[in-house]
Amino acid sequence: MALKEVLIDELRDMYSAENQLVKALPKLAKGAKDPALKTLFTSHLDETKEQVNRLKQVFEILEEKPTGEHCNGMEGVIEEGADALEKDEEGASFDSGIIGAALRTEHYEIAGYTATIAIAKVLGLSDVAALLNENLKEEQSASNKILTVGQTILEEASGEPETEKGPKSSKEKSSAKKSKEDEKKAAPDLKKRSA
Ligand SMILES: [Fe+2]
Ligand SMILES: [Fe+2]
């Protein structure tokens, strides 16, 4: 059945995404300056390991292998997080950059689980949908906790003085160049009105 193949592909993507996060979350926990933010990442790492197990159970139900797809989307989101960890900012301003990166990972996962739960339900796979829903609930709760802890950090950061900007790294220069290219490519379409 075609839709079942779509589901399996998307679940393999999620399995890769979760495995990538098992490696990335300790880096965020190590990099974060705020103790509450550190604790949050560490406890979400434990949850993430359990989520990998739930996905394995899903694949057992489906009698399929969990591997086979690499999630490029999560790789990109994690890469953005790595950029935030390289910033010269200090204290709460530094953590403020990590908050955005962490929220992106959670919302990427929320989108993935929302889509796969909808497909599983249409296919009548209620046991699969129930397992995926447990993961979804944890992602939603993680996102809420990041926002709650984040609020205090953002307020603290708003009182910090501006730091002196150092010279741009080659990575930052290349990113700035690509951003100009994005703008240039979009320009002709921005002038057109949609029909
Ligand atoms: Fe997850
Ligand atoms: Fe997550």
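Residues numbered from 1 in each chain as written. Chains lettered and ligands numbered in written order. Predicted model: local features only at pLDDT ≥ 70, side-chain atom pairs only at ≥ 80, totals over all residues.

Within an unreviewed UniProt entry, the label attached to the protein reads Ferritin-like metal-binding protein YciE, and the organism entered is Silvibacterium bohemicum.

Attention now goes to the overall build of the protein. When you go through the protein residue by residue, the secondary structure sums to six helices and zero strands. Reading the secondary structure of the protein in the N-to-C direction produces α-α-α-α-α-α. In terms of its C-alpha atoms, the protein occupies a principal-axis envelope of roughly 55 × 50 × 30 Å. Within the protein, buried positions represent 32% of all 195 residues. Here the contacts in the protein between residues at least 6 apart in sequence split such that 76% fall between residues at least 24 apart. (Helix = DSSP H or I, 4+ residues; strand = E, 2+ residues; numbered from the N terminus. Buried ≥ 20, exposed ≤ 12 C-beta atoms within 10 Å, placed from the backbone. Contact = placed C-beta atoms within 7 Å.)

With that out of the way, let us pick up the environment of glutamate 47. Relative to the elements of secondary structure, glutamate 47 occurs in helix 2 (residues 35–62). Measuring from C-alpha to C-alpha, the distance between glutamate 47 and proline 26 comes to 13 Å, with 21 residues separating the pair along the chain.

So, on to the packing of helix 1 (residues 2–31) against helix 2. Relative placement of two packed helices is described by the angle separating their axes and the distance separating the axes. Contact geometry of helix 1 with helix 2 gives a least axis separation of 9 Å together with a crossing angle of 160°. One element, helix 1, and the other, helix 2, form an angle in the roughly antiparallel class. Two packed elements cross with a definite hand, and for helix 1 against helix 2 that hand is left-handed. When helix 1 is examined against helix 2, the residues Ile8, Leu11, Met14, Tyr15, Glu18, Asn19, Leu21, Val22, Leu25, Pro26, Leu28 and Ala29 are found in contact with a partner set consisting of Lys38, Phe41, Thr42, His44, Leu45, Thr48, Lys49, Gln51, Val52, Leu55, Val58 and Leu62. Grouping the amino acids of the contact of helix 1 with helix 2 by side-chain chemistry returns 16 nonpolar, five polar and three charged. (Axes fitted to C-alpha atoms, helices over the stretch in contact; angles between N-to-C directions. Parallel < 35°, antiparallel > 145°, perpendicular 65-115°, else oblique. Left-handed = near helix turned anticlockwise from the far one by under 90°. Nonpolar A, V, L, I, M, F, W, Y, C, P; charged D, E, K, R; others polar.)

This part covers unusual backbone geometry. Phi at glutamate 63 takes a positive value of approximately 55°, unusual for a residue other than glycine. Here glutamate 63 lies in the loop between helix 2 and helix 3 (72–86). Residue class for glutamate 63 comes out exposed when judged on the 6 C-beta atoms lying within 10 Å of it.

Okay, the environment of asparagine 53 next. In this structure, asparagine 53 sits in helix 2. Its 12 C-beta neighbours within 10 Å are what place asparagine 53 among the exposed residues. A C-alpha to C-alpha distance of 9.5 Å links asparagine 53 and tyrosine 15, two positions 38 residues apart in sequence.

In this structure, Leu11, Leu28, Ile98, Val128 and Leu132 are the most contacted members of the largest nonpolar core, which totals 38 residues. Within the residue set of this core, elements represented by two or more residues are helix 1, helix 2, helix 3, helix 4 (91–122) and helix 5 (126–158). At 10 residues, helix 1 tops the list of elements feeding residues into this core. What leucine 28 contacts, discounting residues up to four positions off in sequence, is Phe41, Gly81, Ile98 and Ala102. (Core = buried A, V, L, I, M, F, W, Y, C linked by C-beta atoms within 7 Å.)

Moving on to helix 5. With 33 residues, helix 5 ought to run about 48 Å at 1.5 Å a step, and its terminal C-alpha atoms sit 47 Å apart, in line with that. The axis of helix 5 is deflected most strongly, by about 30°, at glycine 150. Residues Val128, Ala129, Leu131, Leu132, Asn135, Glu139, Ala142, Ile146, Val149, Gly150 and Ile153 constitute the buried set of helix 5. Where the residues of helix 5 are buried, they touch helix 2 and helix 4. (Expected span 1.5 Å × (residues − 1). Bend = angle between axes of the 7 residues up to and from the residue.)

This part takes up the packing of helix 1 against helix 4. Relative to each other, helix 1 and helix 4 sit at 160°, their axes nearing to 10 Å. Judged on the interaxial angle alone, helix 4 and helix 1 are roughly antiparallel. Crossing of helix 1 against helix 4: the hand is left-handed. Residue-level contacts link Leu3, Val6, Leu7, Glu10, Leu11, Asp13, Met14, Ala17, Leu21, Leu28 and Gly31 of helix 1 to Ile98, Ala102, Thr105, Glu109, Gly112, Ala115, Thr116, Ile119, Ala120 and Val122 of helix 4. Tallied by class, the residues present in the contact of helix 1 with helix 4 amount to 14 nonpolar, four polar and three charged.

Counting all residues, the mean pLDDT for the protein is 95, and 99% of those residues have values of 70 or more. Taken element by element, the protein is modelled with least confidence in helix 6 (residues 170–191), mean pLDDT 93, and with most confidence in helix 2, mean pLDDT 98. (pLDDT = per-residue confidence, 0-100.)

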